[in-house]
Amino acid sequence: MSKDPRLAKFESMYHPKINQYLKDNLKKDVDQKTLNQAMNFSVLAGGKRLRPMLTLATLKTLGAKLTPAKMKATCALELLHTYSLIHDDLPAMDDDGLRRHKPTSHAVFGAGMATLAGDGLLTLAFQWLVDNSLSVDTKVKLVDGLSKAAGPSGMVSGQASDIEFEDHQLPLSRLKVLHRHKTGALIHYAVQAGLIMGHAKKELVKPLLRFADCFGLAFQIYDDILDVVGSEVELGKPVGQDSGKNTYPNLLGLVGAYDQLEAVLDHGRRDLDDLNRKSSIDTGLLKSFFSYFQVKRRNRRR
Ligand code: GRG
């Protein structure tokens, strides 16, 4: 199955807008020259911009207008996501040398400056959530959502379990929780931010957050699978790094991981079709995001 034309069209429109926004605005908010270079280096190194695209797609699904303030708050999430990648790659964590097809931050700037670039991006993300013309109520909800998703009740907690339980195989129920924290929480927030800024009707909130959680789980299973079947050239980061880690292929084998991925995708698609029938919104754009997962059966035999 190839990428859904609806996703391809949305991506061709908004991926460049997100990149341009980051390029034009990040440099304005960093005073120290080397820190500025390091923060810009990682943010502008590429990346799929999947999380801000999910926010924008949620806004579009709700029929909300995209204003400069909403764009700023949307791009804040990409700053925070990039911080997590820089810190994850550090010698004290995964010690990786390649990310987004480029050398990692610590390989270029040293571990101290890379740590600070991550710190700067994490903090600036919250500045961008607040330093805009959205209503105070909206800003408070965004800050509440992002701090819970990124902090010790979300991504940081997942990363801590990832480190603590390396070389200790967790059962599926606990693996799901680890993945929900480490990767799912930011994806959950990406959709939540669109719901907050788009003033979603109450009855849409739960089903669309369920879509986010389905997408988040599929995203991490897919990432686990790519570590086995993908290549460094294709992915722009090292592969085969997950031995001893808690991943779907390590627990269930590659075929088991593919089966789980397909089950999650089927479930997510059916849920959105259901919502499409029961509500006034068109869920087609969000559904098209599932075509990001290219389940290539030729790899299933490995
Ligand atoms: C350091 C607190 C802290 C957390 C790190 C992001 C993360 C948590 C760990 C990275 C390990 C990893 C590869 C997780 C898999 C999911 C993931 C976040 C992949 C990278 O995201 P993409 O594919 O990357 O959206 P791009 O570069 O396209 O933005």
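Numbering of residues starts from 1 in each chain and follows the order in which that chain's sequence is written. Local features in this predicted model are restricted to residues of pLDDT 70 or higher, and side-chain atom pairs are both shown and tallied only at a pLDDT of 80 or more, whereas totals for entire chains, interfaces and linings draw on every residue. Hydrogens and water molecules were not included; the side-chain quantities draw on all heavy atoms of the structure.

(A) Here's a closer look at the overall build of the protein. Where helices and strands are cited, they refer to DSSP runs of H or I of at least four residues and of E of at least two residues respectively, numbered from the N terminus. If you tally the helices and strands in the protein, you get 13 helices and two strands. Taken over C-alpha atoms, the radius of gyration is set against a globule rule of 2.2 Å times the number of residues to the power 0.38. Its C-alpha atoms give the protein a radius of gyration of 19 Å, near enough to 19 Å, the size a compact globule of 302 residues would have. Oriented by its inertia axes, the alpha-carbon framework of the protein measures out at about 55 × 50 × 35 Å. A 1.4 Å probe rolled over the protein chains alone gives each residue an accessible area, and that area as a share of the maximum for its type sets the label: buried under 20%, exposed over 50%, partly exposed in between. When each of the 302 residues of the protein is scored for burial, the buried share is 51%. If you take every contact in the protein between residues at least 6 apart in sequence, the share linking residues at least 24 apart comes to 75%. Just so you know, the count uses Lys and Arg for positive and Asp and Glu for negative, and it drops His and the chain ends. One atom stands in for each charge, and that atom is NZ of Lys, CZ of Arg, CG of Asp or CD of Glu. Across the protein, 42 positive and 34 negative side-chain charges occur, with their mean positions spaced 7 Å apart. Only heavy atoms matter for contacts: two residues are in contact if any of them lie within 4.5 Å across the pair.

(B) Seen up close, unusual backbone geometry. Phi at aspartate 167 takes a positive value of approximately 65 degrees, unusual for a residue other than glycine. For aspartate 167, a relative accessible area of 69% puts it in the exposed group. Phi angles above zero are rare outside glycine, and histidine 199 is one such case at about 45 degrees. Along the chain, histidine 199 turns up in the loop between helix H9 (172–197) and helix H10 (202–229).

(C) Region of the structure containing the site of the ligand. Contacts to the ligand come from 19 residues, most closely from Lys48, Arg51, His81, Asp88 and Arg100. Side-chain atoms alone can form a polar contact between residues adjacent in sequence; in general such a contact is a pair of N or O atoms within 3.5 Å, and within protein one must be able to donate a hydrogen while the other accepts it. Lysine 48 has a polar side-chain atom sitting 2.6 Å from an oxygen atom of the ligand. Arginine 100 is positioned with one of its side-chain polar atoms (N or O) 2.8 Å from an oxygen atom of the ligand. Here the ligand loses 92% of its free accessible area of 690 Å² to cover by the protein chains. Sorting the residues of the shell around the ligand by element identifies helix H4 (68–89), helix H8 (155–164), H9 and H10 as the ones contributing at least two each. Take the shell around the ligand: its biggest share by element is six residues, from H4. Across the shell around the ligand, the residue classes break down as five nonpolar, seven polar and seven charged. Here, proximity means that at least one heavy atom of the residue falls within 4 Å of the molecule or strand. Residue-level accessible areas treat just the shown protein chains as cover; the underlying method is Shrake-Rupley with a 1.4 Å probe. Three categories are distinguished: nonpolar for Ala, Val, Leu, Ile, Met, Phe, Trp, Tyr, Cys and Pro, charged for Asp, Glu, Lys and Arg, and polar for the others, with Gly belonging to the last.

(D) Seen up close, the packing of helix H3 (residues 50–61) against H4. To define axes, lines are fitted to C-alpha atoms, for helices over the stretch in contact only, and angles between the resulting N-to-C directions are given on a 0 to 180 degree scale. In contact at an axis separation of 8 Å, H3 and H4 are set at 150 degrees when each is read in the N-to-C sense. Compared by their axis directions, H3 and H4 come out roughly antiparallel. Classified by chirality, the crossing of H4 by H3 is right-handed. Residues Arg51, Pro52, Thr55, Leu56 and Leu59 of H3 lie in contact with H4, whose contacting residues are Lys70, Met71, Thr74, Leu77, Glu78 and His81. Grouping the amino acids of the contact of H3 with H4 by side-chain chemistry returns five nonpolar, three polar and three charged. Roughly parallel here means an angle under 35 degrees, roughly antiparallel means over 145, roughly perpendicular means 65 to 115, and every remaining angle is called oblique. By definition, any crossing whose near helix is turned counterclockwise from its far helix by less than a right angle is left-handed, and any crossing with a clockwise turn is right-handed.

(E) Here's a closer look at the nonpolar core. Membership of the largest hydrophobic core comes to 85 residues, with the highest contact counts inside it found for Leu79, Leu142, Leu208, Phe215, Phe289 and Phe293. Element by element, the count of residues in this core is highest for H10, at 15 residues. Every residue in contact with phenylalanine 215, bar those within four places of it in the chain, is listed here: Leu50, Leu54, Ile187, Phe289, Phe290, Tyr292 and Phe293. To qualify as a nonpolar core, a set must consist of buried Ala, Val, Leu, Ile, Met, Phe, Trp, Tyr and Cys residues joined through side-chain atoms within 4.5 Å.

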